[in-house]
Amino acid sequence: MRNIRIAAVAKTAVAFCVASLGLAGNGVASPVIIGEHYFENASVGCVSGSACELVFSAVANGKELVVTRVSCGINEQKNRLVFVQFGIRNNGHISRQEYLPATLEGGTTGLFRHVVNSEVGVVSHGAPPMLKVVSDLATTFGLECQITGILTSIGT
């Protein structure tokens, strides 16, 4: 019975952290573009699921985005992260994906932090980049990520 109460308190604490960090729902900041250099920050909170998706902004028509780096902080409740994928959202699915290594940076019962900082080479022509994390058990996730890359006009 005591373990059930501790689990309920931990779940409430994680949900509070997700809400207080503003991670409820998908928060995507407008991309910052300096010359051809592209930067975008986004965050999302997912409650009681085995997967969580973070979708970035769609790439403008006539443009090509080559994402060169993905950096994320991933908070989750049960320390059961199985894998992290990064790719392009295509008809609700992820395509041209790369699997990214996540390092457990710290944690206590009820809140674990994983970090991703990977070079990638994912190309998008209009479809939005996305990151997906998967756990082998239903858990609560909070994702805060940045992508960087090169944005060019197609045909130049």
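Before reading further, recall that the structure is shown in the block above.
Computed from a predicted model, the values in this text were never measured in an experiment.

Analysis parameters
Residues numbered from 1 in each chain as written. Predicted model: local features only at pLDDT ≥ 70, side-chain atom pairs only at ≥ 80, totals over all residues. Heavy atoms only, no water. Disulfide = S-S within 2.5 Å. Helix = DSSP H or I, 4+ residues; strand = E, 2+ residues; numbered from the N terminus. Salt bridge = Lys/Arg side-chain N within 4 Å of Asp/Glu carboxyl O. Buried < 20%, exposed > 50% of the residue type's maximum accessible area, 1.4 Å probe, protein only. Contact = heavy atoms within 4.5 Å. Pairing = 2+ DSSP bridges.

### A look at the state of the cysteines
Working step 1: One pass over the structure, following the stated rule, counts two disulfides.
Working step 2: With a sulfur-sulfur separation of 2.1 Å, Cys 46 is cross-linked through a disulfide to Cys 52. On the sign convention where negative is left-handed, the bridge of Cys 46 and Cys 52, at about 65 degrees about the S-S bond, is right-handed.
Working step 3: In this model Cys 72 forms its disulfide with Cys 145; the gap between the sulfur atoms is 2.1 Å. Judged by the torsion about the S-S bond (120 degrees), the Cys 72/Cys 145 disulfide is right-handed. Of this pair, Cys 72 sits in strand S4 (residues 63–76) while Cys 145 sits in strand S9 (residues 129–153), and the two are 73 residues apart along the sequence.
Working step 4: Each bonded cysteine of the protein chain gets a number by its place in the sequence, and the pairs then read 1-2, 3-4.

### Points about the pattern of salt bridges
Working step 1: Using the criterion set out here, one finds four salt bridges in the structure.
Working step 2: Of the charged contacts in the structure, one is a salt bridge between Glu 53 and Arg 89, with a shortest N-O distance of 3.0 Å. Of the two residues, Glu 53 sits in strand S3 (residues 37–55) while Arg 89 sits in strand S5 (residues 81–90), which places them 36 residues apart along the sequence.
Working step 3: A residue is classified by how much of its surface remains accessible, and Glu 53, at 30% relative accessible area, is partly exposed.

### Overview of the environment of Ile 94
Working step 1: Structurally, Ile 94 is set in strand S6 (residues 93–100).
Working step 2: For the pair Ile 94 and Leu 131, spaced 37 residues apart in the sequence, the C-alpha separation amounts to 8.5 Å.
Working step 3: Residues within four places of Ile 94 in sequence aside, it is in contact with Gln 85, Phe 86, Gly 87, Ile 88 and Met 130.

### Some thoughts on the pairing of S4
Working step 1: When S4 meets S9, the two strands line up antiparallel, connected through 13 bridges. Each residue of the ladder has a partner; that of Lys 63, found in S9, is Ser 153.
Working step 2: As paired elements, S4 and strand S8 (residues 111–124) share eleven bridges and run antiparallel to each other. Pairing of Ser 71 across the sheet is with Asn 117, part of S8.

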